[in-house]
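Chains, contacts and geometry: an overview
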Amino acid sequence: MNPRTAVFAEEIGANGEVWVRGAGSRVGAPDRIRVVSAPAGVDSFQPDEMTVSCGAGTSVAELDETLRARGQYVNLGQRRHASGTVGGAVATGWNDHLRLGRGHLRESLLEVHMVDGRGDIVKGGGPTVKNVSGFDLCRLVVGAHGRLGALAEVTLRTRPIPPATRWFRLVDLSTTRVVELITRLHRPSSILWDGREAWVCLEGHPSDIDSTVLDLRRHGFATEEVDEEPEPGRRPHRWSVPPSRIVEHVSARVGRVLAEVGVGVIHSDEKQPERSIDPAIAGIHHRLLSSFDPDRRLNPGAGHLPGR
Ligand SMILES: Cc1cc2nc3c(=O)[nH]c(=O)nc-3n(C[C@H](O)[C@H](O)[C@H](O)COP(=O)(O)OP(=O)(O)OC[C@H]3O[C@@H](n4cnc5c(N)ncnc54)[C@H](O)[C@@H]3O)c2cc1C
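Keep in mind that this is a model prediction, so the values were computed, not measured.

One open sheet accounts for five strands, arranged β3-β4-β8-β6-β7; its pairing is antiparallel. In the strand order of this sheet, the two ends are held by β3 (42–46) and β7 (121–125), each with one partner. Adjacent strand axes in the sheet meet at a mean angle of 10°, parallel and antiparallel pairs treated alike. Sheet analysis places strand β6 (residues 109–115) next to strand β8 (residues 150–157), joined by six bridges and oriented antiparallel. Looking at β8, one finds that H113 is bridged to E153. Against the sheet, helix α2 (residues 60–68) makes contact with β3, β4 (51–55) and β8, and its axis sits at roughly 30° relative to β3, the strand it touches most.

Next comes the structure, spelled out in structure tokens:
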């Protein structure tokens, strides 16, 4: 454990409400609450092992720069939010729209040292899969908005930067054609669809991408390369549906939504249709909060999690 984690734990202490601030790019601390910042800086980068360890207060931009020098990156959803910290990205668990190909941010977190509500340092996971035993704490803390623990240090899985990342726009894509498109693409990184047009991201070797595009054109898909994709975050609302029901949801809202096909996220101008939280799930949230932070003193109110 890095000694600065112990200093961070002391700063958090065992009493009183505390807000862990990242870069503050999205959420500000509530009024009249003690604010702390996680340690920052890259501790060790092992390109051959494809892991990097850093303080959770490290900026995603700094981490990207360190990894880029060796042709690697870590999937923290930074296509959407490059300005925050590693801790902010892990705590909120927001993926970007390349999740279909690059996977969930959750898979990037291999090890975490955090400070729980009692002020104790808790470790979860390990830098290599064979070292891991016990509960999979890493999966729990991604998206928990820092309510289970203040993230101090993390070890993340790195990946090679793809030789090429290219976007293509496809027009006249009815429901049946989008289903056919999905079957024709081999591991696309993203398919965004508004009910009429789609934007497809292909990553890998340029010659493989070229042959995929040729194949699409041969099968009648009007495919044009574009410099950039539409920004899904420009639509104010966002909700999830089972990926198998995406066609049905988009067909009912043609041109008014942008859907991440294969993932099930819908970006919309309209509010999410009303839905209730399963009391069993709310109960699990409540029990988890009670185990890690019985006094609810860490990031109070963050993430609007059920179970207070
Ligand atoms: C309400 C909300 C709306 C968002 N909307 C968008 C959007 O429209 N578009 C988009 O691209 N992204 C959005 N995001 C994602 C956001 O951009 C990313 O979460 C970003 O990485 C935040 O980084 P930050 O360092 O600025 O975190 P901050 O904004 O400072 O903090 C975000 C949350 O994480 C907690 N946190 C930060 N660091 C730690 C730590 N070390 N330990 C424990 N908890 C910590 C904070 O207490 C806070 O609750 C949103 C996130 C939230 C929570």
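From this point, the narrative continues.
This brings us to helix α1 (residues 3–12). Restricting attention to buried positions, one finds in α1 the residues T5, F8, A9 and I12. Seen end-on, α1 carries its buried residues on one side only, within an arc spanning 100°. Of the exposed residues in α1, those oriented more than 90 degrees away from the buried face are P3, V7 and E10. In this structure, the buried residues of α1 make contact with β1 (18–21), β2 (34–37), β6, β7 and β8.

Turning our eyes to something else, we now look at the pattern of salt bridges. Oppositely charged side chains may form a pair once their charged atoms are brought near each other. Within this structure, the stated rule accounts for 17 salt bridges. Linking R139 and D136 is a salt bridge whose minimum nitrogen-to-oxygen distance equals 3.3 Å. Here R139 falls in the partly exposed class, since its relative accessible area comes to 43%. Judged by relative accessible area, D136 falls into the partly exposed class, the value being 44%.

Turn by turn, an α-helix covers 3.6 residues, leaving residues three or four places apart pointing in a common direction. Between its terminal C-alpha atoms helix α7 (residues 206–218) stretches 18 Å, which fits the 18 Å expected from 13 residues at 1.5 Å a residue. Along α7, the positions that sit buried rather than exposed are I209, V213 and L216. An end-on view of α7 places all buried positions within 55° of arc, on one side of the element. More than 90 degrees from the buried face of α7, the exposed residues found are S207, L214 and R218. Looking one or two residues beyond α7, the residue adopting positive phi is G220, at roughly 85°.

For the rest of this paragraph, the subject is unusual backbone geometry. Notably, R296 is not glycine yet its phi reads approximately 55°, a positive angle. Tracing the backbone shows R296 in the segment after α9 (279–292). You will see that N299, though not glycine, has its phi angle at about 45°, which is positive. Relative to the helices and strands, N299 is located in the segment after α9. Taking relative accessible area as the criterion, N299 reaches 6% and is therefore assigned buried.

For the protein, the assigned domains are domain 1 (3–160) and domain 2 (164–268). Put simply, the middle of domain 1 and the middle of domain 2, counted by C-alpha atoms, are 30 Å apart. Between domain 1 and domain 2 lies a buried interface of about 1,200 Å² when both sides are counted; carbon and sulfur atoms form 50% of it. Scanning the region where domain 1 abuts domain 2 turns up one salt bridge. When the shortest N-O distance is used, the salt bridge between R102 and E203 registers 2.6 Å. Taken together, the links from domain 1 to domain 2 amount to four residue pairs in polar contact (both at pLDDT 80 or more). Across the side of domain 1 that touches domain 2, the residue classes tally to three nonpolar, three polar and five charged.

Along the chain, E197 turns up in the loop between β11 (190–193) and β12 (198–204). Here R169 takes part through its side chain, which lies 2.5 Å from a polar atom of the side chain of E197. Among residues more than four places away in sequence, those in contact with E197 are R169, L170, V171 and L192.

On to the sheet that holds β12, then. The seven strands are arranged β13-β10-β12-β11-β15-β16-β14 in an open sheet whose pairing can be described as antiparallel. Each having just a single partner strand, β13 (223–226) and β14 (237–240) make up the two edges of the open sheet. In this sheet, neighbouring strand axes are inclined to one another by 25° on average, regardless of whether the strands run parallel or antiparallel. Summarising the sheet, strand β15 (residues 257–260) and strand β16 (residues 265–268) pair through four bridges and their orientation is antiparallel.

Take the side chain of N75 next. Turning to its location among the elements, N75 is positioned in the loop between β5 (72–73) and α3 (86–92). Not counting residues within four places of it along the chain, the set of residues in contact with N75 comprises R102, G103, H104, L105, S108 and R159.

Calculation rules
What you see as residue numbers is a count from 1 along each chain, following the sequence as written. In keeping with the model being predicted, local features are shown solely for residues with a pLDDT of at least 70 and side-chain atom pairs are shown and tallied solely at 80 or more, while totals for entire chains, interfaces and linings include all residues. Side-chain metrics rest on all non-hydrogen atoms present in the structure, leaving aside hydrogens and water. Only strands that DSSP links by at least two bridges are regarded as paired with each other. We count a stretch as a helix when DSSP gives it H or I for four or more residues in a row; a strand needs E for two or more, and each element gets its number in order from the N terminus. Each axis is a line fitted through C-alpha atoms, taken for helices only over the stretch in contact, and angles between the N-to-C directions span 0 to 180 degrees. Should any heavy atoms of two residues lie within 4.5 Å, those residues are counted as being in contact. To sort residues, take the accessible area from a 1.4 Å probe on protein chains only and compare it with the maximum for the residue type: under 20% means buried, over 50% means exposed, and anything in between is partly exposed. Working note: the arc is built from the helix axis to C-beta atom directions. Note on definitions: salt bridges are taken to be side-chain nitrogens of Lys or Arg within 4 Å of carboxyl oxygens of Asp or Glu. To estimate the expected span of a helix, count its residues, drop one, and scale the result by 1.5 Å. Domain extents, as shown, originate in an automatic or database domain assignment. Accessible area that two parts lose when put together, with a 1.4 Å probe and added across both, is what the buried area reports. N or O atoms within 3.5 Å of each other form a polar contact, as long as, within protein, one can give a hydrogen and the other can take it, and as long as residues adjacent in sequence are counted only when both atoms are side-chain atoms. Each residue is assigned to one class: nonpolar for Ala, Val, Leu, Ile, Met, Phe, Trp, Tyr, Cys and Pro, charged for Asp, Glu, Lys and Arg, and polar for all the others, Gly among them.

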